[in-house]
Amino acid sequence: MSHSFLLNGQPVEATGHPMERLLDVLREQHGRTGTKEGCGEGECGACTVLMDGEPVLSCLIPLFQCEGRRIDTVEGLTAQESGPLRETLERFIATGGVQCGACTPGIVVTLAALLERNENPSREEAREALSGNLCRCTGYEGILRALLPGEAGR
Amino acid sequence: MIALRPQSLDEAVQHLEGDPGLVPVAGCTDLMVRGPEALHRMDRVIDLLGIPELRGIHEVTLKEKTGLEIGAATTFTEIRGSAQVRAAFPALVDAAGQVGGWQIQNRATLGGNLANASPAGDSLPVLLALDAVVIAAGRQGLREIPYSAFHTGYRKTALNQGEIIVRVRLPYLPEGSVQVFRKVGTREAQAISKVVVALAGRVADGRITDLRLAAGSVAAVPVRLRATEEAVRGRAPGADAADLAGRTAAGEVQPIDDVRSTAEYRRFALERVVRRMVLALT
C-alpha cells in the first residue's frame with residue numbers, strides 16, 4: 001500500500017504495511033537517519049518529529065495515519081541558517097548541550113517546536129516542553145543554558 | 001491489511017458491525033508499543049481520529065444537570081488547552097499534563113485511555129472522582145455507561161463487541177467543591193504511575209460531603225475508595241479525618257508487587273496521598 005505525505009516540505013510516497021512505524025519509513029525509505037530510535041516504546045523522545053507542526057514520537061505513528069500530513073524531521077528543521085533555532089543551536093554547541101548525542105536530534109526537534117510557539121520560554125516552560133526527551137548523560141543543564149541565554153552568568 | 005478511515009460515526013459503526021475483527025485505533029500511543037512484529041501481524045484496523053462526532057468539548061444540560069462532554073478522540077493537549085475544562089475540572093487538566101510528555105499528549109486521547117483500560121491510566125481515577133458517564137455507540141445506537149461500571153476486570157470494559165466510546169460526560173460539581181489529582185511515579189514526567197489518586201468533595205456546614213475518592217495502580221482496575229469515602233463522610237475536616245482516610249484507604253486496596261513498585265510501597269504512598277488530599281478539604 002502506498003501513502004503520500006509532505007516530508008520537510010516535499011511531497012513523498014511511502015510504501016509498506018499500514019502499521020509500519022513512521023520512524024522506520026523515514027530512516028529506511030527516505031534516508032532521514034537524523035531521527036533516531038532510542039527505546040522504541042514512546043518513553044525517550046529520541047525519535048521526535050513534527051506532524052502538522054506538533055511534536056510527536058515517530059516510533060508510535062503508524063504509516064497510514066501520515067496520509068496527507070506534514071512531517072518535519074531534524075534535517076528539515078535545521079536547514080534554516082538564521083533565526084531563534086539557529087541561534088539556540090550555536091549556543092547549544094558552546095554550552096556542551098551535546099554530550100553522547102543520542103538524544104540530541106529529538107531534543108532539537110522539540111526545541112524547534114517550542115521556539116516556534118515561544119521565543120523566550122521561562123525555565124519552567126522549557127523544562128516542561130523537554131520533559132518527554134530523556135538525556136541519559138543528564139546533560140539537561142547545558143541544554144537549558146543554550147535555551148535560556150537571559151540566565152547567563154548564573 | 002485493511003486500514004479504514006471513516007469520516008462519520010455512522011460509517012464507523014457500520015464498519016464495526018460488519019467486521020468484528022476490526023481493531024479501533026486513535027492516537028496509537030499504547031498500541032504501537034507492541035513493536036513492529038506484532039504490528040505487522042495486525043490485519044484490520046479502523047482509525048477513529050477522523051470522526052467529527054468524537055471530537056470537541058461542549059457544555060450540555062440534561063435533566064437539569066449541566067456539565068461538559070468531551071469527545072473520545074480529544075487529545076490530552078486539547079484538554080489542557082481548554083478554558084472550559086480548566087475552569088470546571090482542574091484535576092483533569094492536571095492529569096492530562098502528567099500523561100507522558102508533550103509528544104504523547106499531542107496524540108493520546110481521553111477515549112483511548114479508557115478503552116485501553118490499563119489500571120495505571122492517569123486520567124481514570126479523575127473520571128471516577130468526577131462521576132463521569134461514558135457515551136458509547138454501537139449497532140443499537142448510543143447508550144450511556146456510568147463510568148463506575150465501565151471497568152469490569154483487568155483490561156476488560158463494559159463495551160460490547162463493535163461498540164466505541166463517543167464522548168465522556170462530566171457533570172459540574174456543586175459550588176465550593178475541591179478537586180485534587182496526584183500521581184506518584186519514578187520521576188516527575190514520562191513515568192507510569194506507582195499510585196495515582198483523585199479526589200472531589202467539599203465541606204458544607206462544617207462537615208465533609210459529596211466526597212469521591214479514586215485510585216489507580218492499586219488493583220486490577222481503577223477503583224473508587226468507597227470504604228474511605230464512607231469513613232469520613234459527615235466528619236469535620238482536619239487532621240483526624242485525614243488520618244482516618246489515609247488508614248482506611250491503605251486497608252481497602254489490594255495492590256500487587258510488579259516491575260514498577262511493591263504492594264507495600266503502594267499502600268504506604270496511597271495512605272500519605274489520601275491523607276494530604278483530605279487535608280485539602282476546608
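Right above here is the structure, for reference.
If you're wondering where the values come from, they're calculated on a predicted model, not measured in any experiment.

Participant: Report on the overall build of chain A, specifying residues and quantitative values.
Facilitator: Each helix and strand in chain A was counted, giving six helices and five strands. Going from the N terminus to the C terminus, chain A shows its helices and strands as β-β-α-β-β-β-α-α-α-α-α. Here the C-alpha radius of gyration of chain A, 16 Å, is about what a compact globule of 154 residues would show, namely 15 Å. A principal-axis box enclosing the C-alpha atoms of chain A has dimensions of 55 × 30 × 25 Å. Classification of the 154 residues of chain A by burial places 53% in the buried group. A fraction of 54% describes how many contacts in chain A between residues 6 or more apart in sequence connect residues 24 or more apart. As presented, chain A carries roughly 6,700 Å² of accessible surface, and 47% of it is formed by carbon and sulfur atoms. Seen as two clouds, the 14 positive and the 22 negative side-chain charges of chain A have centres 6 Å apart.

Participant: How would you sum up the side chain of Asp24 of chain A? Please name residues and give values.
Facilitator: Looking at the secondary structure, you find Asp24 of chain A in helix H1 (residues 22-29). Given the relative accessible area of 11%, Asp24 of chain A is considered buried. Here Arg21 of chain A takes part through its side chain, which lies 2.9 Å from a polar atom of the side chain of Asp24 of chain A. Excluding residues that lie within four positions of it along the chain, Asp24 of chain A makes contacts with Gln29 of chain A together with Pro36 of chain B.

Participant: Give a detailed account of the layout of surface pockets, specifying residues and quantitative values.
Facilitator: Taken as a whole, the second largest pocket encloses approximately 900 Å³ of empty space. Glu124, Arg127, Glu128, Ala129 and Ser131 of chain A are the residues nearest the centre of the second largest pocket, which is lined by 29 residues in total. Among the elements of the structure, helix H4 (104-117), helix H5 (123-129) and helix H6 (140-147) of chain A together with helix H3 (76-81) and helix H6 (102-105) of chain B are those that each provide at least two residues to the lining of the second largest pocket. Ranked by the residues each element gives to the lining of the second largest pocket, the list is headed by H5 of chain A, at five residues.

Participant: Account for the side chain of Gln105 of chain B, with residues named and values stated.
Facilitator: All names here are of chain B. Residue placement: Gln105 occurs in helix H6. For Gln105, a relative accessible area of 3% puts it in the buried group. When neighbours within four sequence positions are excluded, Gln105 is seen to be in contact with Thr75, Phe76, Thr77, Arg80, Ala96, Gly97, Gln98, Val99 and Gly100.

Participant: Mind laying out the environment of Thr78 of chain A, listing which residues take part and the relevant values?
Facilitator: Residue and element names in this part refer to chain A. Within the secondary structure, Thr78 sits in the loop between helix H2 (74-77) and helix H3 (84-94). Taking relative accessible area as the criterion, Thr78 reaches 24% and is therefore assigned partly exposed. With 34 residues separating them in the primary sequence, Thr78 and Ala112 have C-alpha atoms 8.5 Å apart. In contact with Thr78, not counting residues within four places along its chain, are Arg86, Leu89 and Val108. Among the polar contacts made by the side chain of Thr78, one reaches the main-chain carbonyl oxygen of Val74 at a distance of 2.7 Å.

Participant: Explain the pattern of salt bridges residue by residue, including any values.
Facilitator: Tallying each qualifying case throughout the model produces 24 salt bridges over all chains. Linking Asp24 of chain A and Arg21 of chain A is a salt bridge whose minimum nitrogen-to-oxygen distance equals 2.9 Å. The salt bridge involving Arg117 of chain A is made with Glu54 of chain A; its shortest N-O contact spans 3.4 Å. With Arg117 of chain A in helix H4 and Glu54 of chain A in strand S4 (residues 54-57), this pair connects stretches of sequence that are 63 residues apart. The class of Glu54 of chain A is partly exposed, set by a relative accessible area of 30%. Taken together, the shared-partner salt bridges connect Glu69, Glu144, Arg167 and Arg169 of chain B into one network.

So, how was this worked out
- Residues numbered from 1 in each chain as written.
- Chains lettered and ligands numbered in written order.
- Predicted model: local features only at pLDDT ≥ 70, side-chain atom pairs only at ≥ 80, totals over all residues.
- Heavy atoms only, no water.
- Helix = DSSP H or I, 4+ residues; strand = E, 2+ residues; numbered from the N terminus.
- Rg over C-alpha atoms; globule rule 2.2 N^0.38 Å.
- Buried < 20%, exposed > 50% of the residue type's maximum accessible area, 1.4 Å probe, protein only.
- Contact = heavy atoms within 4.5 Å.
- Areas by Shrake-Rupley, 256 points an atom, 1.4 Å probe, with all protein chains shown as cover.
- Lys, Arg positive; Asp, Glu negative; His and termini not counted.
- Charge placed at Lys NZ, Arg CZ, Asp CG, Glu CD.
- Polar contact = N/O pair within 3.5 Å; in protein donor to acceptor, adjacent residues only side chain to side chain.
- 1 Å grid on protein atoms, 1.4 Å probe; cavity = no way out; pocket = protein on both sides within 12 Å on 5 of 7 lines; lining within 4 Å.
- Points joined across faces, edges and corners; volume = space filled by probe spheres on them.
- Salt bridge = Lys/Arg side-chain N within 4 Å of Asp/Glu carboxyl O.

Nothing here speaks to function; it is geometry throughout.
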